[in-house]
Amino acid sequence: MGFSSFSSFSCFLRIGEMKTDQKLGLALLIFCLIMWFLIIPNQVMGKAQSLFPRIITIFIGIPSFLLIISRKDSPKETPFGLEEKKGIARVTITAIIFFIYIFIIDFLGYFISSFLASLAFMLYFGARDWKKIILIPVMLLLFIYFLIEKLLGFPLPSGIIF
Amino acid sequence: MLGDILAGFGLVFAWDNLLAASFGVAFGMIMGAIPGLTSNIAIVLLLPFTFYLNPIAGIAMLMGLSKGGNFGGSVPAILFNIPGTPQAMVTCLDGYPLAKQGKIGKALKMALYASTLGDTQSDLVLFFLAAPVAMIALKVGPPEYTMIVLFSLVVISVAATEDPFRGGIATGLGLLFATVGLDPQRGTPRFNFGLLDLSGGFQILPMVIGLLALSEVFRQIEIEARQKIEERQKSAKRAAKGYMNQSEKSSEADNRVSLSEFKSCLPTIFRSTGIGSAMGIIPGIGTTVAAYLSYIAAKRASKHPERFGKGSLEGLAACESGNNAVVGPNLIPLVTLGIPGNLAAALILGGFMIKGLIPGPMFMERNAPMLYALFTILFISNIFTFLIGSFLIRHVRKLTELPKPILNTAILIFCVIGSYVLNSSMFDVIMMFFFGILGYILTKLKFPLPPIIVAFFLGSLFERKIRQSLLISGGSFSIFFTRPIALAFFLLTIFGVIFLISRRKKDKSRNLTG
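On a predicted model such as this, the values are computed, not experimentally measured, just so you know.

In terms of helices and strands, chain A carries 6 helices and 0 strands. Sorting the 162 residues of chain A into buried and exposed places 23% on the buried side. Counted over contacts in chain A with a minimum sequence separation of 6, partners at least 24 positions apart contribute 65%.

Here you go:
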């Protein structure tokens, strides 16, 4: 057990040969070391206050280490195909639009930015019927307006216009 | 006691009480069905209005909100794999696969039946066991709490996930997120990186919405993009509408639960009700843990564990009855000890106090008829949940026929609302986005997300109880092994892990030999 663990562990020096799970375990182990030696000492004052974060770091470190040594003999992995890369690209663009939407809420207010974001999302997701593209966000936002602002009396962020 | 029960019945049956309860259930269901809004927000917003109602009507409305919200959260979990409430994330595991098989009606109805039955049975626990159980609850101190939470965390890490190493890491991440903010004893800042907004720590709703709702939308977008490429490659034409594969046509049998199906799930419902009730009695453990533990127990006991995660009615019944069974018994520590078991109970405590009712050890003696009136209204709320839920089920199925662009857009818009409303904070919205990205990446790396959320829920309780125990013992860890209940749970944890791991190895080698 000791020798096979050592030989498994020594392969992390050859990162290119590692399986995905082993690379993941290694990355998490490095994260644990950064937590233990860098983040906890800088972000937590006091021995009692740092006890629990240190226990959790060990709690994460142990399965991370076990991922490295136990997945050496996992089956060969297939690399990302074209479909997966395109899917991830689509998610990335959606996330960027979403981030811009959140960013402009403070300037344009919730309703105008949500209307613009809805147009952008619907066009990007493939809607082409302009009546639906305009009407549905309007109806959705009217529903939100009546439910949240009027019925529940909860103000949503306002901007330079509304 | 019989005199008090009869006096309680007499207080309940008035039109305003029944109307308040039914309104609470209906509104709670709607709020629970919209990810991020939840019945807790509904309780917060309607709490001031209870001032104008009589005590029973006021509390009835708040309880109705809680019960309605519990079922309401299951609806998007089944339809879209997006839980409307944190406890509904376990419902996704089997509810959504059932819906993908064209069995939306069956899934929703089983969720409703299991919820109502679990809730009703657990209300009986409350009715008859409130007083004796309160005596036992007094014996649960910090060391016992610590071990109960440890048991829950370890079981969820090892048993509820395909890969126990990833499950353990996910649980650790959830516990780590719970440490952000202020130290629970000393009040000193921890892991806020100089950001004032992080002094209160991460908020649960933005985390849940990000990890479960936003990341699920991202996942669906990726799946749709991949399917389009595959279709082009196969030169097949298929109109993609809604989240479901519309070629899964459903028959009438797919939209109802037969008597034999319901009967076969009854043992699971009874078991899960027992687990949920036990979890409900202990403050702080909550509906999400109860749902998970019920699910795991059901899978272990099932004749067909391989069906779990692929559309098992048993799995769905287990988590629904488990999480609903917490609601009633959660009132036991509230009314007998004045300790709210969860956020909803804490808000209901506020409702009690608005009406001049002070829960605690003397509450049962001084207000017994009122207490039994409240217990009675809980039963009646279950009838309303069943009736209103049946009505809702008939109509919500149409939502799955909405085109994906509209559905995805609506969910993205509601994610922002759901994250914002709790604290009126755009920082919470940004955190929701961060957790959405994190959730998507973790899903790609095959990490389970529910243990992160459960661990986050339990993290600060876990830490507080560890430190209280060490204060009591003067820094010695032996306190966890010298108190009988704490030791029992510790041993249960160890044996549970050994049993689960060896069972998993046996199942694996059985699969390999075929």
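The discussion continues.
Time to look at the overall build of chain B. Counting its regular elements, chain B contains 22 helices and 2 strands. The burial tally for chain B puts 57% of its 514 residues in the buried class. Expressed as a percentage of contacts within chain B between residues at least 6 apart in sequence, the contacts between residues at least 24 apart total 78%.

A few words now on the confidence of the model for chain A. Looking at chain A as a whole, the pLDDT averages 83, with 83% of positions reaching at least 70. At the low end of the mean pLDDT range in chain A sits helix α1 (residues 2–10) of chain A, at 49; at the high end sits helix α5 (residues 110–124) of chain A, at 93.

A few words now on the packing of helix α2 (residues 15–33) of chain B against helix α17 (residues 368–396) of chain B. Residue and element names in this part refer to chain B. Close contact between α2 and α17 brings their axes to 9 Å; oriented N to C, the two are set at 50°. By the angle between their axes, α2 is oblique relative to α17. The two elements α2 and α17 cross, and the hand of that crossing is right-handed. On α17, the residues touching Asn17, Leu18, Ala21, Ser22, Val25, Ala26 and Met29 of α2 are Ile377, Ile380, Ser381, Phe384, Thr385, Ile388, Gly389 and Leu392. A class-by-class count of the residues in the contact of α2 with α17 yields 10 nonpolar, 5 polar and no charged.

Turning to the nonpolar core, a few remarks are in order. By size, the foremost hydrophobic cluster in this structure holds 176 residues, and its most contacted members are Ile78 and Ile453 of chain B. Here this core gets 13 residues from one element, more than from any other, and that element is α17 of chain B. For this core, the two domains that each supply at least three residues are domain 1 (2–70) and domain 2 (82–151) of chain A.

With that out of the way, let us pick up the interface of chain B and chain A. Contacts between the two partners involve 42 residues from chain B and, on the opposite side, 46 residues from chain A. Of all elements in the fold, only α9 (164–178), α10 (204–234), α18 (404–420), α19 (426–444) and α20 (450–473) of chain B reach the threshold of two or more residues within the side of chain B that touches chain A. Residues of the side of chain B that touches chain A, tallied by class, amount to 28 nonpolar, 6 polar and 8 charged.

What follows deals with the confidence of the model for chain B. Residue and element names in this part refer to chain B. Considering every residue of chain B, the mean pLDDT works out to 82; 84% of them sit at 70 or more. Ignoring residues within four places in sequence, the model shows residues 239–247, a span with pLDDT below 50, making 18 contacts including any to other chains. In the predicted assembly, ipTM is 0.87 and pTM is 0.76.

With that out of the way, let us pick up helix α6 (residues 89–100) of chain B. Residue and element names in this part refer to chain B. Over its 12 residues, α6 runs 16 Å from end to end, which matches the ideal 16 Å to within 8%, given 1.5 Å per residue. Most of α6 sits inside the fold, with 11 of its 12 residues counted as buried. The set of residues buried in α6 consists of Met89, Val90, Thr91, Cys92, Leu93, Asp94, Gly95, Tyr96, Pro97, Leu98 and Ala99. Trailing α6 by a residue or two, glycine 102 shows a phi angle of about 85°, which is positive.

All names here are of chain B. The terminal C-alpha atoms of helix α11 (residues 259–281) lie 32 Å apart, and with 23 residues this matches the ideal 33 Å at 1.5 Å per residue to within 8%. The largest bend in α11 is about 40°, located at leucine 266, with the proline proline 267 one to four residues further on. Taken together, the buried positions of α11 are Cys265, Thr268, Ile269, Ser272, Thr273, Ile275, Gly276, Ser277, Met279, Gly280 and Ile281.

Mapped onto the elements of the fold, glutamate 224 of chain B is located in helix α10. Placed 180 residues apart in sequence, glutamate 224 of chain B and lysine 404 of chain B show a C-alpha to C-alpha distance of 9.3 Å.

Here the focus is the packing of helix α4 (residues 82–108) of chain A against α5 of chain A. Residues and elements named next belong to chain A. Across the interface, α4 lies against α5 with an axial gap of 8 Å and an inter-helix angle of 165°. When the interaxial angle is binned, α4 and α5 end up roughly antiparallel. As α4 runs across α5, the sense of the crossing is right-handed. Along the contact surface, α4 presents Ile93, Thr94, Ile97, Tyr101, Ile104, Ile105 and Leu108, while α5 presents Tyr110, Ile112, Ser113, Ala117, Ala120, Phe121 and Tyr124. Considering only residue class, the contact of α4 with α5 consists of 12 nonpolar, 2 polar and no charged.

Before going further, it helps to examine the environment of leucine 28 of chain A. Residue position: leucine 28 of chain A is located in helix α2 (residues 20–43). With 32 residues separating them in the primary sequence, leucine 28 of chain A and isoleucine 60 of chain A have C-alpha atoms 7.8 Å apart. What leucine 28 of chain A contacts, discounting residues up to four positions off in sequence, is Ile60 and Ser64 of chain A together with Ile169 of chain B.

What counts, and at which threshold
- Residues numbered from 1 in each chain as written.
- Chains lettered and ligands numbered in written order.
- Predicted model: local features only at pLDDT ≥ 70, side-chain atom pairs only at ≥ 80, totals over all residues.
- Helix = DSSP H or I, 4+ residues; strand = E, 2+ residues; numbered from the N terminus.
- Buried ≥ 20, exposed ≤ 12 C-beta atoms within 10 Å, placed from the backbone.
- Contact = placed C-beta atoms within 7 Å.
- pLDDT = per-residue confidence, 0-100.
- Axes fitted to C-alpha atoms, helices over the stretch in contact; angles between N-to-C directions.
- Parallel < 35°, antiparallel > 145°, perpendicular 65-115°, else oblique.
- Left-handed = near helix turned anticlockwise from the far one by under 90°.
- Nonpolar A, V, L, I, M, F, W, Y, C, P; charged D, E, K, R; others polar.
- Core = buried A, V, L, I, M, F, W, Y, C linked by C-beta atoms within 7 Å.
- Domains from an automatic or database assignment.
- Expected span 1.5 Å × (residues − 1).
- Bend = angle between axes of the 7 residues up to and from the residue.

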